[in-house]
Structure formats: C-alpha cells, structure tokens
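Understanding the architecture of this molecule
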Amino acid sequence: MSTIDILGLAGSFSVPSRTRGLVEEAVARTMARFGGRSKVVDLSQLGPDFAGARNLTELTGSGRDVVSTIVDAKALIVATPVYKGSYPGLFKHLFDLIDPTALAGKPVLLAATGGGDKHALVIEHHLRPLFAFFEAQTLATGVYASERDFVDGQLSSPSLITRLDRAVEQFAPHLKQDDRDVVFTAKTESRRGTAEAVAANA
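Bear in mind that the values here come from a model prediction, so they are computed numbers and not experimental data.

**Looking at the pattern of salt bridges**
Here the structure, examined in full by the defined rule, presents 10 salt bridges. In this structure, aspartate 42 and arginine 20 form a salt bridge, with 2.3 Å as the shortest nitrogen-oxygen distance. Residue aspartate 42 is found in strand β2 (residues 37-42), and its partner arginine 20 is found in helix α1 (residues 18-34); the two are separated by 22 residues along the sequence. Look at aspartate 42 and you get buried, because its relative accessible area is 2%.

**Looking at helix α3 (residues 89-96)**
Listed in full, the buried residues belonging to α3 are Phe91, His93, Leu94 and Phe95. On the buried face of α3, the contacting elements are β1 (6-10), α2 (61-72), β3 (75-81) and α4 (122-133).

**A short note on the confidence of the model for the chain**
Taken over all residues, the pLDDT of the chain has a mean of 86, while the share at 70 or more is 86%. No element of the chain has a lower mean pLDDT than strand β9 (residues 182-188), at 40, and none a higher one than strand β5 (residues 137-138), at 98. Note on residues 179-202: pLDDT is under 50 here. Beyond four places in sequence and across chains, it has 54 contacts.

**Some thoughts on the environment of threonine 138**
Among the structural elements, threonine 138 can be located in strand β5. In this structure threonine 138 comes out as partly exposed when scored by relative accessible area, which is 24%. Along the primary structure threonine 138 and phenylalanine 171 are separated by 33 residues, whereas in three dimensions their C-alpha atoms are 9.7 Å apart. Setting aside its immediate chain neighbours within four residues, threonine 138 contacts Val108, Leu110, Arg128 and Phe131.

**Some words on the packing of aromatic side chains**
Ring pairs (aromatic) are described by centroid distance and by the angle formed between their planes. Tallied over the entire structure, the rule returns five aromatic pairs. Ring centres of phenylalanine 133 and phenylalanine 134 lie 5.3 Å apart, and the angle between their planes is 80°; on these two criteria the pair is classed as edge-to-face. Note on phenylalanine 133: relative accessible area 54%, which makes it exposed. The exposure class assigned to phenylalanine 134 is buried, which follows from its relative accessible area of 3%. One aromatic cluster in this structure is built from Tyr87, Phe91, Phe95, Phe131, Phe133 and Phe134.

**Focus: the packing of α1 against helix α5 (residues 158-169)**
When two helices pack together, their arrangement is given by the angle between the helix axes and the distance between those axes. Between α1 and α5, whose axes approach to 10 Å, the crossing angle comes to 50°. Relative to α5, α1 is oriented oblique. Crossing geometry of α1 relative to α5 is assigned as right-handed. Facing Glu25, Ala26, Arg29, Thr30, Arg33 and Phe34 of α1, the residues of α5 in contact are Ile161, Leu164, Asp165, Val168 and Glu169. Considered class by class, the residues forming the contact of α1 with α5 number five nonpolar, one polar and five charged.

**Some details on the nonpolar core**
Looking at soluble globular proteins, one finds that nonpolar side chains tend to be buried together. Core analysis: the largest hydrophobic core is formed by 34 residues, its most contacted members being Leu9, Ile70, Phe91, Leu94, Phe95 and Phe131. Within the residue set of this core, elements represented by two or more residues are β1, α2, β3, α3, β4 (107-114) and α4. With five residues, α4 is the single largest residue contributor to this core. Excluding anything up to four places from it in sequence, phenylalanine 95 contacts Leu9, Leu103, Leu130, Phe131 and Phe134. In this structure, Ala10, Ala26, Ala79 and Phe171 belong to the second largest nonpolar core, which totals 26 residues.

**Digging into α5**
With 12 residues, α5 extends 17 Å from end C-alpha to end C-alpha; this agrees with the ideal 16 Å at 1.5 Å per step. Taken residue by residue, α5 has Leu160, Ile161, Leu164, Ala167 and Val168 as its buried positions. The buried residues of α5 all sit within an arc of 115° when viewed along its axis, so they share a single face. Along α5, exposed side chains directed more than 90 degrees from the buried face belong to Pro158 and Ser159. On its buried side, α5 packs onto α1, β4, β6 (143-146) and β8 (154-155).

Criteria and thresholds
- Residues numbered from 1 in each chain as written.
- Predicted model: local features only at pLDDT ≥ 70, side-chain atom pairs only at ≥ 80, totals over all residues.
- Heavy atoms only, no water.
- Salt bridge = Lys/Arg side-chain N within 4 Å of Asp/Glu carboxyl O.
- Helix = DSSP H or I, 4+ residues; strand = E, 2+ residues; numbered from the N terminus.
- Buried < 20%, exposed > 50% of the residue type's maximum accessible area, 1.4 Å probe, protein only.
- Contact = heavy atoms within 4.5 Å.
- pLDDT = per-residue confidence, 0-100.
- Phe/Tyr/Trp six-rings, centres within 6.5 Å; stacked < 30°, edge-to-face > 60°.
- Axes fitted to C-alpha atoms, helices over the stretch in contact; angles between N-to-C directions.
- Parallel < 35°, antiparallel > 145°, perpendicular 65-115°, else oblique.
- Left-handed = near helix turned anticlockwise from the far one by under 90°.
- Nonpolar A, V, L, I, M, F, W, Y, C, P; charged D, E, K, R; others polar.
- Core = buried A, V, L, I, M, F, W, Y, C linked by side-chain atoms within 4.5 Å.
- Expected span 1.5 Å × (residues − 1).
- Arc of directions from axis to C-beta.

What follows is the structure, encoded as structure tokens:
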C-alpha cells in the first residue's frame, strides 16, 4: 500500500457529522495546495473490538489498519467533537493505543467542533497537550467550528474558511508542493473519505 500523505481523522462515531465535514474540507484544501494522496477516517471505522482493546495487539482488522495509516502518514489533520469541555473518551482511547514515539516530528493540524464558542479552548487546553506528549509538530493555528459555522453539514463561515486556509498554509515547511505548474483540485468521497488530488493543466 502506498503511503498516505495526508490522513484526516474525525474523532466522531456519527456519520455524517460536522466534525467529519470539517476534516474533509481541511483535507480537500490541503490537497489542493500540496497534492499527494489522502484519506479521511472516523471512529466508526475502527471495528467492533476497538473499545475493548487494551493494547494495539488486541486491535484487529480495520482498526489495526486505521492505526497503521495514522502512524505512517506524512501529516495529520485531526478534529474532535467537544462534549462537556473535552474530547470524547474513545478519541483519547485511540491515542492510548499508539506508541508514544510513533508521532514524533509529524505535522498535525488541530481542529474541533462544538455547539458554541465556550468550547473553543479545547484545542489549546486538551488537543495541543496531547500531541505535545507524542512530540508531534502541531501547526500554530488551530481551527474551531461551532454549529453556526455550518449550513447543511458544510462549512459556510467566510472567516472560518480563511482561518482554515491559514492553518493549511502552515504545512508548507513539511509538505513539498508538486513541482509542475498545475492547479490541484480535490475529489472527495463523502462517505468513505478518500480524497485524491487531481492535476489539471493551468
């Protein structure tokens, strides 16, 4: 299997969800900027043995594949829904199964979704410390989206989209843009989450 350049992880079991919508948009914009191969996954794809797994060896099938893809990807886009001020327990459980050295140096764009602005600090208070433990290179700009930033499950806030583009641009030191003079568009499968960069002559 070829290495995934950008892996988008939506820390939600709901399909569809605003969290997955945010991740898919972030992945599409990253692919449009840098090209490469990408995939979007969510917690519903981790399989029936995920919740009870005490270590990685107890994770089989699709769950083991998801963890391998997270570890092997060149860069991550990670978003979580916020419940009562923090990320869900099963989102944290996923990272409990990953070796502490596996994400060292990996660039990560952090994002979150919640019902209102009072949850916006989850990125700085919860997500950033989590990935600091793994010694990942979290991008300076985090992206928080509240319910009012979506219309029919899609991002609609111009200011949020501008912030997202600023965050995506911070991948530049880590991801080499395609050398050809082309414009990349992203083709996204909304259900299974695979996005491919499609090169079109400028």
